[in-house]
Amino acid sequence: MAELDKKQYYSNSAETNSKEYDDVEQYNIQDAPETDLLAVQEGYRLKKNLKARHISMIAIGGALGTGLLIGSGSALSSAGPASLFIGYSFIGFLVYIVMCCLGELATFIPLPDGFAGYANRYADPAIGFAVGYCYLFKYLIVTPNQITAGALVMQYWVSRDTVNPGVWITIFLIVIVLINIFGVKIFGEFEFWLSCVKVLIVLGLILLLFILMLGGGPTHDRLGFRYWKDPGAFKPYHGIANVSKGKFVSFVNVLVTAVFAYSGTELVGITIAEAENPRRNVPKAIRLTFYRICIFYILSVFLLGLCVPYNDPLLISATKASTSANASPFVVAIKNAQIDGLDHVINACILVFIFSAANSDLYIGSRTLYGLACNGNAPSIFAKTSKYGIPYYALTVCAAFCCLAYMSVSSSSATVFGYFVNVVSIFGLLTWISILITHICFKRALKAQGVDRSSLAYSAPLQPWSTWLSLCLCILVAIIKNFTVFINGFNYKTFITGYIGIPVYIICYVGYKVVHKTKMRNPYEVDLVTLKAPIDLEEEEGKIKDQERRERLAASNKKDGEWFYEKFVSWLF
């Protein structure tokens, strides 16, 4: 087929597909002509019950976790406040670009199989297979790890000699399974309110640090930028004689820590399949991501570096503590200010963060396995859904893997498990890399088939260089991850667990290509039509409803709760 003929063919196909719905007032996605797709068949469909506020809060709540409240302490202790601030800002920008690229992919045609589906359709089925399983492995590992962390937090109040950690693990597991088993609407409500609490916690900590920095604490010690001067803004990495080189190595090491802190931001890409009117709601969540990264991450670590010196004895001991208030650098700032009792509040806050993370991680794991089953890369039984739209077999498998948390009952097993968890951040990086590659292929297909990106519901900014730059940076960070094992004595366990995700991804990719003999998608042959028509119609119906609402409010000269929420609250919650 000649280039001109291909363009005309796809243009006519899209027009024909859209016209099939022109006279339909109401629809369901299962009414689409592509009923051979498993995800749109009866008994295999998800429910679209996530509203705009759910999507918006899941987008930020997925990233706000122990990586910020606890992981920032080790970064500050090893690299200094300036490296902490610059590193988190650098990775924050990278994450924002990844989210923008994901938003463009997901709002064009939201697919029930998430990242794997987009890669399969626009890039290469082998990439879809590899990223799908790597993302699944990540959440099969990280969910029991979050539950283990919850048990360790409880030991801040009740020692393991008094109550066995297995009791807390059982309670956590039962609660998050119950939340996930009764439909995405229940899950969405829980995550919305838990994420609201998390946002308030971070805002409270930011305000507290700002007050302490200005001398508003009990000691009335005005800190300002004192610790940036003494002991200094940059700390050389231990074991490197050259000071300048040591400071650079410390900064690079912060990038790896920051990746772990931001890991989970992309999970909104999985929830899109269950979102109402995604072309209206998802762009809002993506646009707000930039401001939330600036406030919740960059501002908080900046103020933390002002209030706690990197050589503080309490900070050094905190980086060696278990996952509880003792391990949080924010508690170090509170103790230095001589504020009593807040350490228990911080411990409770950490517990909320961990519970929310475990809840959403179980959800994401089950939906990832569901997506793999929908596109034929896992047994179809995992795509079966209940009347609530829950993929119950996939949820059962992910809940069973949560029992790995019981390994923490034995201290020796917990050490082994701790090494195993080191793979989580590399799987997150590989997911970001796959999203960026998919976005590049998607843009090529749009150009080849004559689709103007300005006509999309959402288009990623700073194109095309931002996607390529972010891709190169993600690959670079993946390569240098855990490079410090070569500096002060080679630790083969840390090296293996830190990099094992890369060969797993390559084996999945190459193995799939060898078995199925797949090739990169030809941009002229990429499917830009299937399932697009019902999404187009949903978008138009949403616009009509929004216009009718605005006219109704204008006629009555009144403002409703939704107007108040969107005007004053939605930017934050």
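Going by an unreviewed UniProt entry, the protein chain carries the name Dicarboxylic amino acid permease and comes from Cyberlindnera fabianii. Per UniProt, the comment on the protein chain under Sequence similarities (unreviewed entry) is "Belongs to the amino acid-polyamine-organocation (APC) superfamily. YAT (TC 2.A.3.10) family." We quote the UniProt Subcellular location (unreviewed entry) comment for the protein chain here in full: "Membrane".

(A) Broad picture of the overall build of the protein chain. Assigned secondary structure in the protein chain consists of 24 helices and zero strands. Considering only contacts within the protein chain whose residues lie at least 6 apart along the sequence, 81% involve residues at least 24 apart. Counting only carbon and sulfur atoms, one obtains 62% of the accessible surface of the protein chain, whose full area is about 23,900 Å².

(B) Spatial organisation of the environment of Cys508. As for its position among the elements, Cys508 is in helix H22 (residues 501-516). Sequence separation of Cys508 and Ala126 is 382 residues, and the distance between their C-alpha atoms is 7.6 Å. Residues within four places of Cys508 in sequence aside, it is in contact with Phe129, Ala130 and Tyr133.

(C) Inspection of the packing of aromatic side chains at higher detail. Evaluated as defined, the whole model comprises 21 aromatic pairs. Aromatic pair Phe495 and Tyr499: ring centres 5.1 Å apart, planes at 50 degrees, arrangement tilted. Here Phe495 pairs with Tyr499, and both are found in helix H21 (residues 492-499), just four residues apart, close to one helical turn. Classification of Phe495 by relative accessible area gives partly exposed; the value is 29%. Look at Tyr499 and you get buried, because its relative accessible area is 12%. Taken together, the aromatic side chains of Phe129, Tyr133, Phe137, Phe427 and Tyr512 make up a single cluster linked through ring pairs.

(D) Expanded view of the side chain of Thr438. Along the chain, Thr438 turns up in helix H19 (residues 424-448). Given a relative accessible area of 2%, Thr438 falls into the buried group. Setting aside anything within four residues of it in sequence, one finds Thr438 in contact with Leu105, Tyr118, Ala119, Tyr122 and Ala123.

(E) Focus on helix H6 (residues 114-122). Of all nine residues making up H6, eight are buried, and the element is well covered by its neighbours. Those residues of H6 lying buried are Gly114, Phe115, Ala116, Gly117, Tyr118, Ala119, Arg121 and Tyr122. Tucked into the core, H6 has its buried residues touching helix H5 (81-108), helix H7 (125-154), helix H12 (268-271) and H19.

(F) A look at empty space enclosed by the protein. What the rule picks out here adds up to three cavities of 30 Å³ or more. In this structure, the largest cavity spans a volume of roughly 50 Å³. For the lining of the largest cavity, the secondary structure elements donating two or more residues are H6 and H7.

(G) Up close: a nonpolar patch on the surface. On the surface, Ile174, Leu178, Ile181, Phe182, Ile186, Phe190 and Tyr388 cluster together into a nonpolar patch covering about 640 Å² of accessible area. Of all the secondary-structure elements, those providing two or more residues to the nonpolar patch are helix H8 (165-181) and helix H9 (184-213). The biggest single contributor to the nonpolar patch is H8, with three residues. Following the sequence through the fold, Phe182 ends up in the loop between H8 and H9. Residue classification places Phe182 among the partly exposed residues on the basis of a relative accessible area of 46%.

(H) View of the packing of helix H4 (residues 71-79) against H5. The interhelical angle for the contact between H4 and H5, taken along N-to-C directions, is 130 degrees, at an axis separation of 7 Å. The orientation of H4 relative to H5 falls into the category oblique. Once H4 is placed against H5, the crossing between them reads as right-handed. From H4, Gly71, Ser72, Ala75, Leu76 and Ala79 reach across to H5, where they touch Pro81, Ser83, Leu84 and Tyr88. Among the residues making up the contact of H4 with H5, the classes are represented as six nonpolar, three polar and no charged.

(I) View of H19. With 25 residues, H19 extends 37 Å from end C-alpha to end C-alpha; this agrees with the ideal 36 Å at 1.5 Å per step. In terms of burial, H19 is largely enclosed, as 22 of its 25 residues are buried. Phi turns positive, to about 75 degrees, at Gly450, one or two residues after H19.

(J) Structural view of the pattern of salt bridges. Evaluated as defined, the whole model comprises seven salt bridges. The network of salt bridges with shared partners includes Arg279, Lys532 and Asp536.

(K) Representation of unusual backbone geometry in the model. Following Asp230, the chain continues to Pro231 via a peptide bond in cis, the omega torsion being 20 degrees. Here Pro231 is to be found in helix H10 (residues 226-232). With an omega of 5 degrees, the peptide bond running from Gln463 to Pro464 counts as cis. Within the fold, Pro464 resides in the loop between H19 and helix H20 (465-480). Phi at Leu462 takes a positive value of approximately 60 degrees, unusual for a residue other than glycine. If you trace the backbone, Leu462 turns up in the loop between H19 and H20. Overall, the relative accessible area of 41% leaves Leu462 in the partly exposed class. One non-glycine residue, Lys517, lies in positive phi territory at about 55 degrees. Mapped onto the secondary structure, Lys517 falls in the loop between H22 and helix H23 (532-556).

(L) Seen up close, the packing of H6 against H7. Look at H6 against H7: their axes get within 7 Å of each other, and the N-to-C directions meet at 170 degrees. In this view, H6 runs roughly antiparallel relative to H7, as classed from their interaxial angle. Facing Phe115, Ala116, Ala119 and Asn120 of H6, the residues of H7 in contact are Pro125, Ile127, Gly128, Val131, Gly132 and Tyr135. Of the residues in the contact of H6 with H7, the class split is seven nonpolar, three polar and no charged.

How each quantity is defined
- Residues numbered from 1 in each chain as written.
- Predicted model: local features only at pLDDT ≥ 70, side-chain atom pairs only at ≥ 80, totals over all residues.
- Heavy atoms only, no water.
- UniProt positions renumbered as here; feature names shortened; annotations may be inferred.
- Helix = DSSP H or I, 4+ residues; strand = E, 2+ residues; numbered from the N terminus.
- Contact = heavy atoms within 4.5 Å.
- Areas by Shrake-Rupley, 256 points an atom, 1.4 Å probe, with all protein chains shown as cover.
- Phe/Tyr/Trp six-rings, centres within 6.5 Å; stacked < 30°, edge-to-face > 60°.
- Buried < 20%, exposed > 50% of the residue type's maximum accessible area, 1.4 Å probe, protein only.
- 1 Å grid on protein atoms, 1.4 Å probe; cavity = no way out; pocket = protein on both sides within 12 Å on 5 of 7 lines; lining within 4 Å.
- Points joined across faces, edges and corners; volume = space filled by probe spheres on them.
- Patch = residues over 30% accessible without salt bridge, like charges linked within 9 Å, V, L, I, M, F, W, Y side chains within 5 Å.
- Salt bridge = Lys/Arg side-chain N within 4 Å of Asp/Glu carboxyl O.
- Axes fitted to C-alpha atoms, helices over the stretch in contact; angles between N-to-C directions.
- Parallel < 35°, antiparallel > 145°, perpendicular 65-115°, else oblique.
- Left-handed = near helix turned anticlockwise from the far one by under 90°.
- Nonpolar A, V, L, I, M, F, W, Y, C, P; charged D, E, K, R; others polar.
- Expected span 1.5 Å × (residues − 1).

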